[in-house]
Amino acid sequence: MIYEVLSLFNTPDKFVIQPHNGLETLIIDRQTGDMSITMDSSAVSRLIVGTPPTTIYGLWGVLQLLSGPHLLIVQARRHVGNLRGHSLWRVESADILPYCRSSLHLTETAAADNEIYLQLVRESLRTPGYYFSYTTDLSRSLQSACRYAAESVDYTATPAAAAAVVDATPLCDRADDRFVWNYNSLIKLRRFPRFALPVVHGFVCVTTVPFKGRTIDYALISRRSRHRAGVRYYTRGLDENGYAANFVETEQILSVPSSAGTNQTANPNAQALFSFVQTRGSVPLIWSQYPNLLYKPAPTISQDWDKQFDAFVAHFSDQVFTRCYGNQVIVNLLDAVGKERELCAQFSRMCSLTEVTRRFDGLRYEHFDFHRECSRLRWDRLSLLLERTEPDFDSMGYFQAAPDGSPQRTQHSVFRVNCIDCLDRTNVAQCLLARRALARQLADLGYAALFANNATSSNSSESKTDPDAESLESVIKLAWSDNADELSLQYAGTGALKADFTRTGRRTKSGALRDAYFSAVRYARNNFYDGWRQDAIDLLLGNYLPERGELSPFAQGRDWKVWLLPSVLLFGLTMLTMGALLPPEHWSEQMLFSLFWCTSVVLAIFGIFYYGEDFVDRPRLGQKFSRQKRSTV
């Protein structure tokens, strides 16, 4: 168990961190960086005399910048809900505190760079969607946690004995490192596990719903991977290790009284748990789609087929075997025409290779052209996707645990859903698939008629005939639409598109207008702000480590085209405006004047879009990384 509420005393020489409900005190030497635990209250009192305390709610970790180590703290939190008796929290604000009291030991350039690094870290900390728990491992699904417990003890151990062993293991040691976004920052704090707070990034919600005279808990948890993490256009596809961009594990959990749906009498406080896991991730090929001022840049696919195959195999070997997701049902929502056509074709070709099907005999590929099937607002055709995947539900199953934690059912495979962004279309499809899984779970609890007829639609009339079904339906829609908005905000910079369908069960004109606005904001942010956001993520995750003496990554100037072409455009528009407002003395001269400046404006616009990659906001900290990636495609 991790200390919940702490008092931070920021003295000139030390950081003194005292838990409100513990005897031990963590002392961090601000000069040497040494950390130690003491239980000598009198010595602590002498250290903090005259220093006012600051209440904090966790230690995020330690981050190294140019001026030295920095302590990251959780300043404010918000209670999300309770699940299995554990409180889940959301980070409302976090901050970074320097060990060193000044930057006088740095050169002028290094001090300026250090300030930029601090701005980047604070930018990343302001991103919504960081969650944690002091008492339970939020980074693992129920099935993964159960498997971890089974592997930690002798096979003859009872569930209670296994739970006791796991509870004795520090959270930072048993967490799934893929989803712990402060994994690298916690390295120095691992020796003090009650102070080391694992933080996941994504989405968490828990809602209590009245149901058939009882209350059930519905939870939705999305966990973003820290591997190949980043923003929309600067992280696409796979890296050489098989890590996919924007990889997210989403788990839907239903906690019900153990006697629900049966005639047995049981402890009314005992809860049976049902879980259904899906994953999403960028198209598992080596490809890129760097911003270049076009609304939708064309994807560039690596032509090195050996590297493609190796990365593809590494990705699914990790998913199927290492992470124990089991067989993969790939649901590809890419367009079969337009700019996504070649990427879709290469993906389909890779999945059909004999070498792939031999290695992964349970790999199944299902292509559903979302935009073509649902064109002209024919969203009812999403039922076709559910019909095609119905046999997969039979073999996939879901996870179920008894009140004592022992597994009763196991999920044998997962849906891996993708579109090009793994955001809008993906969330709509995953919501429908999760809802179908929930219908099966309720049917197994004895409520077969409740969702049986409306499991293929998010807006059916049958659910409204039962107030419990209607209440649960609204909770599901709200959770999945909020999930879509939060994941989209983290990756693309805006709320999700098509969220009106997830939220209301139908496509609306107001939803279309909202999508148009978000599309415009995405265009602006992805072209002119995402380089900064990518740097912020790389710095917070520890993918980039600032070093003294290196050339400043922020001192690189822009090409002459970046200032010349916009200047010509602006000046040309100004001259055309003046020519239109001032009365001409000779029409022939006016025509030649207008023609010249119209030509200048058109050529400037053409040049700006032709050299579009020079005008966008590019990452500075990953420049070398980006060039390496460009050379492979």
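Residues numbered from 1 in each chain as written. Predicted model: local features only at pLDDT ≥ 70, side-chain atom pairs only at ≥ 80, totals over all residues. Heavy atoms only, no water.

By the naming in an unreviewed UniProt entry, the protein chain is Phosphatidylinositol-3-phosphatase SAC1, taken from Macrostomum lignano.

J.: So what's going on with the overall build of the protein chain? Residues and values would help.
T.: Within the protein chain one finds 20 helices and 20 strands. Since a compact globule built from 633 residues should have a radius of gyration of about 26 Å, the 27 Å found for the protein chain is in line with a globular shape. In terms of principal-axis extent, the alpha carbons of the protein chain reach across some 100 × 70 × 50 Å. Residues classed as buried in the protein chain amount to 56% of the 633 residues present. Put simply, 69% of the contacts in the protein chain that link residues at least 6 apart link residues at least 24 apart. Counting only carbon and sulfur atoms, one obtains 55% of the accessible surface of the protein chain, whose full area is about 27,600 Å². (Helix = DSSP H or I, 4+ residues; strand = E, 2+ residues; numbered from the N terminus. Rg over C-alpha atoms; globule rule 2.2 N^0.38 Å. Buried < 20%, exposed > 50% of the residue type's maximum accessible area, 1.4 Å probe, protein only. Contact = heavy atoms within 4.5 Å. Areas by Shrake-Rupley, 256 points an atom, 1.4 Å probe, with all protein chains shown as cover.)

J.: So what's going on with the sheet that holds strand β4 (residues 35-38)? Which residues, and what values?
T.: For sheets, the rule is that strands pair by backbone hydrogen bonds, running either parallel or antiparallel. The sheet built from 5 strands is open, its strands ordered β4-β3-β2-β1-β5 with antiparallel pairing. Among the strands making up the open sheet, the edge pair consists of β4 and β5 (53-56). The mean angle between the axes of side-by-side strands here comes to 25°, regardless of whether they run parallel or antiparallel. Inspection of the sheet shows strand β1 (residues 6-10) paired to strand β2 (residues 14-19) by 5 bridges, in the antiparallel sense. Each residue of the ladder has a partner; that of L8, found in β2, is I17. The strands touched by helix α1 (residues 41-48) within the sheet are β1, β2, β3 (25-29) and β4, with β2 carrying the most contacts at an inclination of about 130°. (Pairing = 2+ DSSP bridges. Axes fitted to C-alpha atoms, helices over the stretch in contact; angles between N-to-C directions.)

J.: Can you lay out the side chain of Q411 for me, pointing to particular residues and giving the numbers?
T.: Note on placement: Q411 falls in the loop between β19 (407-409) and β20 (413-418). On the basis of relative accessibility, which here comes to 6%, the residue Q411 falls in the buried class. At a separation of 2.8 Å, a polar atom in the side chain of Q411 contacts the main-chain carbonyl oxygen of V277. Only 2.9 Å separates the side chain of Q411 from the backbone oxygen of S413, close enough to count as a polar contact. Residue contacts for Q411: discarding those within four places in its chain leaves Q143, S275, F276, V277, M396, G397, Y398 and F399. (Polar contact = N/O pair within 3.5 Å; in protein donor to acceptor, adjacent residues only side chain to side chain.)

J.: How would you summarise the domain arrangement of the protein chain if you had to cite specific residues and measurements?
T.: According to the domain assignment, the protein chain contains domain 1 (1-198), domain 2 (201-261 + 268-455) and domain 3 (560-614). Taking only C-alpha atoms into account, the centre of domain 2 sits 50 Å from that of domain 3. The interface of domain 2 with domain 3 comprises 5 residues on the first partner and 4 residues on the second. Between domain 2 and domain 3, a total of about 360 Å² is buried, with carbon and sulfur atoms accounting for 70% of that surface. Connecting domain 2 to domain 3 are 0 salt bridges. Of the residues that constitute the side of domain 2 that touches domain 3, the class distribution is 4 nonpolar, 1 polar and no charged. (Domains from an automatic or database assignment. Buried area = accessible area lost by both parts, 1.4 Å probe. Salt bridge = Lys/Arg side-chain N within 4 Å of Asp/Glu carboxyl O. Nonpolar A, V, L, I, M, F, W, Y, C, P; charged D, E, K, R; others polar.)

J.: Now, about the nonpolar core: what can you tell me, with residues and values included?
T.: Among the nonpolar cores identified, the biggest contains 61 residues, and Y218, L382 and F415 are the most heavily contacted of them. In terms of nonpolar packing, the next biggest core, distinct from the first, is built from 47 residues, L66, V231, I608 and F615 among them. (Core = buried A, V, L, I, M, F, W, Y, C linked by side-chain atoms within 4.5 Å.)

J.: Explain the confidence of the model for the protein chain to me, using residue names and the numbers behind them.
T.: It should be kept in mind that the predicted coordinates are not to be read in detail where pLDDT is low. Mean pLDDT over the protein chain: 90, with 93% of residues reaching 70 or higher. Confidence drops under a pLDDT of 50 for residues 262-266, and excluding neighbours within four residues, the segment shows 5 contacts in the predicted structure. Counting contacts from residues 623-633, a segment whose pLDDT is below 50, to residues more than four positions away or on other chains yields 16 contacts. (pLDDT = per-residue confidence, 0-100.)

J.: Outline the environment of D444, listing residues and values.
T.: For D444, the position within the fold is in helix α11 (residues 424-444). Remark: the alpha-carbon pair of D444 and R280, spanning 164 residues in sequence, is separated by 27 Å.

J.: Could you give an account of helix α15 (residues 509-528), with specific residues and numbers?
T.: An ideal rise of 1.5 Å per residue puts 28 Å on 20 residues; α15 measures up with 29 Å between its terminal C-alpha atoms. Along α15, the residues classified as buried are G511, D515, F518, S519, R522, N526 and N527. Considered in projection along α15, the buried side chains sweep an arc of 145° and stay on one side of the axis. Opposite its buried face, α15 presents the exposed residues K509, S510, L513 and Y517, each directed more than 90 degrees away. Where α15 is buried, its residues touch α11, α13 (467-491), α14 (499-504) and α16 (530-541). (Expected span 1.5 Å × (residues − 1). Arc of directions from axis to C-beta.)

J.: Any chance you could break down the pairing of β3 for me, citing the residues and the numbers?
T.: Burial within β3 is extensive, with 5 of its 5 residues counted as buried. In β3, alternate side chains face the same way, and those of T25, I27 and D29 on one face and L26 and I28 on the other are all buried. Here β2 pairs with β3 via 4 bridges, running antiparallel. Bridge pairing in β3 links I17 to L26. Hairpin connection from β2 to β3: 5 residues lie between these consecutive antiparallel strands. Judged from the 4 bridges that link them, β3 and β4 form a sheet pairing that is antiparallel. Its bridge partner being in β4, I27 is matched across the sheet by S36. What sits between β3 and β4 in their antiparallel hairpin is a turn of 5 residues, with G33 showing a positive phi close to 85°.

J.: Quick rundown of empty space enclosed by the protein? Include the residues and the values.
T.: All told, the structure shown has 3 cavities of 30 Å³ or more when counted by the stated rule. In this structure, the largest cavity occupies an estimated 90 Å³ of space. Listing elements by their share of the lining of the largest cavity, those giving two or more residues are α2 (108-125) and α16. Looking at which element gives the most residues to the lining of the largest cavity, the answer is α16, with 3 residues. Residue composition of the lining of the largest cavity, by class: 4 nonpolar, 4 polar and 3 charged. For the second largest cavity, the calculated volume is near 60 Å³. (1 Å grid on protein atoms, 1.4 Å probe; cavity = no way out; pocket = protein on both sides within 12 Å on 5 of 7 lines; lining within 4 Å. Points joined across faces, edges and corners; volume = space filled by probe spheres on them.)

J.: Got a sec to walk through the packing of α11 against α13? Specific residues and values, please.
T.: α13 packs onto α11 with a crossing angle of 150° between their chain directions and a minimal axis gap of 10 Å. Taken as axis vectors, α11 and α13 run roughly antiparallel relative to one another. Crossing of α11 over α13 shows right-handed handedness. Of α13, the residues touching α11 (which contributes D424, N427, Q430, C431, A434, R435, L438 and L442) are L472, E473, I476, W480, N483, A484 and S488. Tallied by class, residues from the contact of α11 with α13 come to 8 nonpolar, 4 polar and 3 charged. (Parallel < 35°, antiparallel > 145°, perpendicular 65-115°, else oblique. Left-handed = near helix turned anticlockwise from the far one by under 90°.)

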